[in-house]
Amino acid sequence: MQPLSKIKPDAITTWGVDRVMLERPKIAAKVAQYITKWTDVETLLGVFLAILLHAHEEAAMAIFTGIENRTAQLKMITSAAEASLPGATFEAVSALLTSMVKPAMKYRDKLAHWTWGLSDDLPNDLVISEPKDKLASHLKALKIQAAAQSRRTPDVETGNKGVYVVREKDLDAAIIRLEKTEDCLATAMGTCWQANAPKTREKLLEKLSNEPPIREALSVLARRKGSREAQ
(Lines give C-alpha, C1' and ligand atoms only; values in the text may rest on other atoms or scores of the structure.)
Protein backbone atom coordinates (compact mmCIF):
# COMPACT_ATOMS: atom_id res chain seq x y z
CA MET A 1 0.00 0.00 0.00
CA GLN A 2 1.76 3.11 -1.30
CA PRO A 3 0.65 6.76 -1.38
CA LEU A 4 -0.90 7.65 -4.72
CA SER A 5 1.18 10.82 -4.68
CA LYS A 6 4.33 8.70 -5.08
CA ILE A 7 2.98 6.46 -7.82
CA LYS A 8 0.88 8.74 -10.03
CA PRO A 9 0.10 12.06 -8.34
CA ASP A 10 -2.03 13.32 -11.24
CA ALA A 11 -4.27 10.25 -11.37
CA ILE A 12 -8.02 10.84 -11.50
CA THR A 13 -9.83 8.71 -8.92
CA THR A 14 -13.46 7.61 -8.80
CA TRP A 15 -15.28 6.80 -5.55
CA GLY A 16 -18.67 5.41 -4.59
CA VAL A 17 -18.73 2.84 -7.41
CA ASP A 18 -21.00 -0.09 -6.45
CA ARG A 19 -19.04 -2.57 -8.54
CA VAL A 20 -15.61 -1.42 -7.37
CA MET A 21 -14.48 -4.88 -6.29
CA LEU A 22 -15.92 -6.54 -9.38
CA GLU A 23 -13.80 -4.24 -11.51
CA ARG A 24 -10.65 -5.69 -9.93
CA PRO A 25 -11.58 -9.31 -9.07
CA LYS A 26 -8.02 -10.53 -8.43
CA ILE A 27 -7.39 -7.81 -5.87
CA ALA A 28 -10.85 -8.30 -4.36
CA ALA A 29 -10.14 -12.00 -3.82
CA LYS A 30 -6.86 -11.24 -2.06
CA VAL A 31 -8.52 -8.62 0.16
CA ALA A 32 -11.08 -11.26 1.18
CA GLN A 33 -8.29 -13.78 1.73
CA TYR A 34 -6.44 -11.43 4.08
CA ILE A 35 -9.55 -10.58 6.10
CA THR A 36 -10.45 -14.28 6.38
CA LYS A 37 -6.93 -15.21 7.46
CA TRP A 38 -7.01 -12.49 10.11
CA THR A 39 -10.08 -14.20 11.59
CA ASP A 40 -7.95 -17.31 12.10
CA VAL A 41 -5.29 -15.22 13.84
CA GLU A 42 -7.90 -13.56 16.02
CA THR A 43 -9.22 -16.97 17.08
CA LEU A 44 -5.69 -18.04 18.02
CA LEU A 45 -5.33 -14.91 20.13
CA GLY A 46 -8.42 -15.93 22.07
CA VAL A 47 -7.02 -19.41 22.62
CA PHE A 48 -3.69 -17.88 23.65
CA LEU A 49 -5.50 -15.83 26.27
CA ALA A 50 -7.11 -19.02 27.59
CA ILE A 51 -3.67 -20.62 27.92
CA LEU A 52 -2.26 -17.60 29.72
CA LEU A 53 -5.20 -17.44 32.13
CA HIS A 54 -5.40 -21.23 32.56
CA ALA A 55 -9.07 -20.75 31.80
CA HIS A 56 -11.73 -22.66 29.95
CA GLU A 57 -11.24 -21.99 26.25
CA GLU A 58 -14.86 -21.02 25.56
CA ALA A 59 -14.95 -18.67 28.56
CA ALA A 60 -11.72 -16.98 27.48
CA MET A 61 -13.01 -16.60 23.92
CA ALA A 62 -16.22 -15.06 25.23
CA ILE A 63 -14.21 -12.53 27.23
CA PHE A 64 -11.88 -11.83 24.32
CA THR A 65 -14.56 -11.39 21.67
CA GLY A 66 -16.75 -9.43 24.07
CA ILE A 67 -14.21 -6.62 23.94
CA GLU A 68 -14.81 -4.87 20.63
CA ASN A 69 -11.73 -2.63 20.81
CA ARG A 70 -8.83 -4.58 19.32
CA THR A 71 -6.22 -2.47 21.09
CA ALA A 72 -7.87 -3.40 24.37
CA GLN A 73 -7.78 -7.07 23.35
CA LEU A 74 -4.04 -6.94 22.79
CA LYS A 75 -3.54 -5.10 26.08
CA MET A 76 -5.46 -7.84 27.84
CA ILE A 77 -3.20 -10.52 26.36
CA THR A 78 -0.09 -8.47 27.18
CA SER A 79 -1.21 -8.02 30.80
CA ALA A 80 -1.98 -11.72 31.15
CA ALA A 81 1.40 -12.63 29.66
CA GLU A 82 3.28 -10.24 31.94
CA ALA A 83 1.54 -11.66 35.00
CA SER A 84 2.02 -15.34 34.14
CA LEU A 85 5.19 -15.76 32.08
CA PRO A 86 8.92 -15.68 32.91
CA GLY A 87 10.69 -12.47 31.90
CA ALA A 88 12.35 -13.71 28.69
CA THR A 89 9.19 -15.42 27.47
CA PHE A 90 7.08 -12.37 28.21
CA GLU A 91 9.48 -10.12 26.32
CA ALA A 92 9.33 -12.37 23.24
CA VAL A 93 5.53 -12.56 23.38
CA SER A 94 5.29 -8.79 23.84
CA ALA A 95 7.63 -8.28 20.88
CA LEU A 96 5.46 -10.59 18.78
CA LEU A 97 2.33 -8.61 19.63
CA THR A 98 3.87 -5.22 18.91
CA SER A 99 6.00 -6.04 15.87
CA MET A 100 3.76 -8.52 14.02
CA VAL A 101 0.25 -8.91 15.40
CA LYS A 102 -0.57 -5.24 15.87
CA PRO A 103 0.60 -4.17 12.36
CA ALA A 104 -1.37 -7.07 10.84
CA MET A 105 -4.45 -6.01 12.79
CA LYS A 106 -4.15 -2.41 11.60
CA TYR A 107 -3.72 -3.54 7.98
CA ARG A 108 -6.83 -5.70 8.24
CA ASP A 109 -8.85 -2.79 9.63
CA LYS A 110 -7.81 -0.62 6.70
CA LEU A 111 -8.92 -3.24 4.21
CA ALA A 112 -12.21 -3.78 6.01
CA HIS A 113 -13.18 -0.24 6.98
CA TRP A 114 -11.57 2.25 4.61
CA THR A 115 -13.19 3.56 1.43
CA TRP A 116 -12.37 1.88 -1.88
CA GLY A 117 -12.10 3.58 -5.27
CA LEU A 118 -10.84 3.21 -8.83
CA SER A 119 -8.61 5.04 -11.25
CA ASP A 120 -8.50 4.48 -15.01
CA ASP A 121 -4.88 5.59 -14.77
CA LEU A 122 -4.18 2.45 -12.69
CA PRO A 123 -6.12 -0.29 -14.52
CA ASN A 124 -4.72 -3.16 -12.46
CA ASP A 125 -4.98 -1.56 -9.02
CA LEU A 126 -7.46 -0.17 -6.53
CA VAL A 127 -7.21 2.98 -4.45
CA ILE A 128 -8.18 3.32 -0.82
CA SER A 129 -8.64 6.20 1.59
CA GLU A 130 -9.54 6.69 5.23
CA PRO A 131 -13.26 7.57 5.49
CA LYS A 132 -12.60 10.89 7.22
CA ASP A 133 -10.25 11.96 4.41
CA LYS A 134 -12.78 11.01 1.78
CA LEU A 135 -15.50 12.91 3.66
CA ALA A 136 -13.24 15.99 3.73
CA SER A 137 -12.77 15.70 -0.04
CA HIS A 138 -16.53 15.50 -0.59
CA LEU A 139 -17.08 18.58 1.55
CA LYS A 140 -14.39 20.45 -0.40
CA ALA A 141 -16.04 19.45 -3.67
CA LEU A 142 -19.40 20.73 -2.44
CA LYS A 143 -17.81 24.01 -1.43
CA ILE A 144 -16.22 24.38 -4.86
CA GLN A 145 -19.54 23.63 -6.55
CA ALA A 146 -21.33 26.21 -4.41
CA ALA A 147 -18.65 28.78 -5.17
CA ALA A 148 -18.92 28.10 -8.89
CA GLN A 149 -22.69 28.55 -8.84
CA SER A 150 -22.34 31.89 -7.08
CA ARG A 151 -19.46 32.86 -9.41
CA ARG A 152 -17.04 33.21 -6.53
CA THR A 153 -13.47 31.91 -6.64
CA PRO A 154 -13.26 28.80 -4.43
CA ASP A 155 -10.71 28.91 -1.64
CA VAL A 156 -10.22 25.14 -1.38
CA GLU A 157 -8.53 22.53 -3.54
CA THR A 158 -9.21 18.86 -4.00
CA GLY A 159 -6.52 16.29 -4.62
CA ASN A 160 -5.26 12.83 -3.81
CA LYS A 161 -3.94 13.53 -0.34
CA GLY A 162 -4.52 10.54 1.92
CA VAL A 163 -5.19 8.22 -1.04
CA TYR A 164 -3.23 4.97 -1.27
CA VAL A 165 -2.76 2.46 -4.06
CA VAL A 166 -3.45 -1.21 -3.35
CA ARG A 167 -1.67 -3.55 -5.74
CA GLU A 168 -1.90 -7.28 -6.10
CA LYS A 169 1.77 -7.74 -5.19
CA ASP A 170 1.30 -5.67 -2.03
CA LEU A 171 -1.53 -7.93 -0.91
CA ASP A 172 0.52 -11.04 -1.72
CA ALA A 173 3.30 -9.76 0.53
CA ALA A 174 0.83 -8.83 3.27
CA ILE A 175 -0.74 -12.30 3.18
CA ILE A 176 2.69 -13.92 3.51
CA ARG A 177 3.44 -11.70 6.53
CA LEU A 178 0.10 -12.58 8.08
CA GLU A 179 0.69 -16.30 7.60
CA LYS A 180 4.08 -15.89 9.27
CA THR A 181 2.41 -14.02 12.12
CA GLU A 182 0.01 -16.92 12.59
CA ASP A 183 2.93 -19.38 12.69
CA CYS A 184 4.78 -17.25 15.24
CA LEU A 185 1.66 -17.00 17.37
CA ALA A 186 1.37 -20.78 17.42
CA THR A 187 5.03 -20.98 18.44
CA ALA A 188 4.42 -18.46 21.23
CA MET A 189 1.54 -20.57 22.50
CA GLY A 190 3.89 -23.54 22.58
CA THR A 191 6.33 -21.64 24.82
CA CYS A 192 3.53 -21.23 27.38
CA TRP A 193 1.85 -24.62 27.06
CA GLN A 194 2.63 -26.42 30.31
CA ALA A 195 2.09 -29.83 28.73
CA ASN A 196 5.27 -29.22 26.75
CA ALA A 197 8.50 -30.30 28.41
CA PRO A 198 10.75 -27.45 29.64
CA LYS A 199 13.34 -28.17 26.95
CA THR A 200 10.65 -28.05 24.28
CA ARG A 201 9.44 -24.70 25.59
CA GLU A 202 13.02 -23.42 25.58
CA LYS A 203 13.55 -24.46 21.96
CA LEU A 204 10.28 -22.84 20.93
CA LEU A 205 11.27 -19.65 22.74
CA GLU A 206 14.60 -19.61 20.94
CA LYS A 207 12.84 -20.11 17.61
CA LEU A 208 10.37 -17.32 18.36
CA SER A 209 13.07 -14.91 19.51
CA ASN A 210 15.07 -15.45 16.32
CA GLU A 211 12.29 -14.36 13.99
CA PRO A 212 13.62 -11.14 12.36
CA PRO A 213 10.82 -8.73 13.44
CA ILE A 214 10.83 -10.13 16.97
CA ARG A 215 14.62 -10.17 17.19
CA GLU A 216 14.69 -6.52 16.13
CA ALA A 217 12.03 -5.58 18.70
CA LEU A 218 13.95 -7.42 21.42
CA SER A 219 17.15 -5.58 20.43
CA VAL A 220 15.35 -2.24 20.77
CA LEU A 221 14.07 -3.31 24.19
CA ALA A 222 17.56 -4.33 25.28
CA ARG A 223 19.00 -0.97 24.20
CA ARG A 224 16.31 0.88 26.12
CA LYS A 225 17.01 -1.19 29.20
CA GLY A 226 20.71 -0.43 28.89
CA SER A 227 20.04 3.30 28.59
CA ARG A 228 17.83 3.31 31.67
CA GLU A 229 20.39 1.36 33.70
CA ALA A 230 23.15 3.75 32.57
CA GLN A 231 21.14 6.65 33.96
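Further up the page is the structure itself.
Residues numbered from 1 in each chain as written. Predicted model: local features only at pLDDT ≥ 70, side-chain atom pairs only at ≥ 80, totals over all residues. Heavy atoms only, no water.

### Details of the overall build of the chain
A count of helices and strands for the chain gives 10 helices and five strands. The contacts of the chain with a sequence gap of at least 6 include a subset with a gap of at least 24, amounting to 71%. Counting every atom, the chain has about 13600 Å² of accessible surface; 52% of that belongs to carbon and sulfur. (Helix = DSSP H or I, 4+ residues; strand = E, 2+ residues; numbered from the N terminus. Contact = heavy atoms within 4.5 Å. Areas by Shrake-Rupley, 256 points an atom, 1.4 Å probe, with all protein chains shown as cover.)

### What to know about the pattern of salt bridges
Opposite charge on two side chains lets them pair, provided their charged atoms get close. The tally for this structure, following the rule as stated, stands at nine salt bridges. Measuring nitrogen to oxygen at the nearest pair gives 3.8 Å for the salt bridge that ties Lys37 to Asp40. Of the two residues, Lys37 and Asp40 both sit in helix 3 (residues 25–53), three residues apart, roughly one turn of that helix. Note that Arg70 and Glu42 form a salt bridge whose closest N and O atoms lie 3.5 Å from each other. Of this pair, Arg70 sits in helix 5 (residues 70–84) while Glu42 sits in helix 3; the two residues are 28 residues apart in sequence, bridging distant segments of the chain. (Salt bridge = Lys/Arg side-chain N within 4 Å of Asp/Glu carboxyl O.)

### Topic: the sheet that holds strand 1 (residues 2–3)
The antiparallel open sheet is built from five strands, whose spatial order is 1-5-4-3-2. Since the sheet does not close on itself, it has two edges, and those belong to strand 1 and strand 2 (14–15), each with one partner. Both strand 1 and strand 5 (residues 163–166) contribute to a ladder of two bridges, which runs antiparallel. The residue of strand 5 that forms the bridge with Pro3 is Tyr164. (Pairing = 2+ DSSP bridges.)

### Here we look at helix 5
With 15 residues, helix 5 should reach 21 Å at 1.5 Å per residue; the first-to-last C-alpha distance of 21 Å fits that figure. Near the N-terminus of helix 5, the side chain that reaches the backbone nitrogen of Thr71, with its oxygen 2.9 Å away, is that of Asn69. (Expected span 1.5 Å × (residues − 1). Polar contact = N/O pair within 3.5 Å; in protein donor to acceptor, adjacent residues only side chain to side chain.)

### Quick word on the pairing of strand 4 (residues 126–129)
Of the two faces of strand 4, the one lined by Leu126 and Ile128 and the one lined by Val127 and Ser129 are each fully buried. Two elements, strand 3 (residues 115–118) and strand 4, share three bridges in a ladder whose sense is antiparallel. Bridging from a neighbouring strand, Gly117 pairs with Val127 of strand 4. Sheet analysis places strand 4 next to strand 5, joined by four bridges and oriented antiparallel. Bridge assignment links Leu126 to a residue of strand 5, and that residue is Val166. (Buried < 20%, exposed > 50% of the residue type's maximum accessible area, 1.4 Å probe, protein only.)

### Section: helix 6 (residues 87–113)
Here helix 6 contains 27 residues, and its C-alpha end-to-end distance of 37 Å stays within 8% of the 39 Å for a straight helix at 1.5 Å per residue. The largest bend in helix 6 amounts to roughly 35° and is located at Val101, with the proline Pro103 lying one to four residues further along. (Bend = angle between axes of the 7 residues up to and from the residue.)

### A word on the packing of aromatic side chains
Counted according to the given criterion, the structure contains two aromatic pairs. Each ring, one from Trp114 and one from Tyr164, has its centre 6.1 Å from the other, and the planes form 45°; the classification is tilted. One end of the pair, Trp114, is in the loop between helix 6 and strand 3; the other, Tyr164, is in strand 5, and 50 residues separate them in sequence. (Phe/Tyr/Trp six-rings, centres within 6.5 Å; stacked < 30°, edge-to-face > 60°.)

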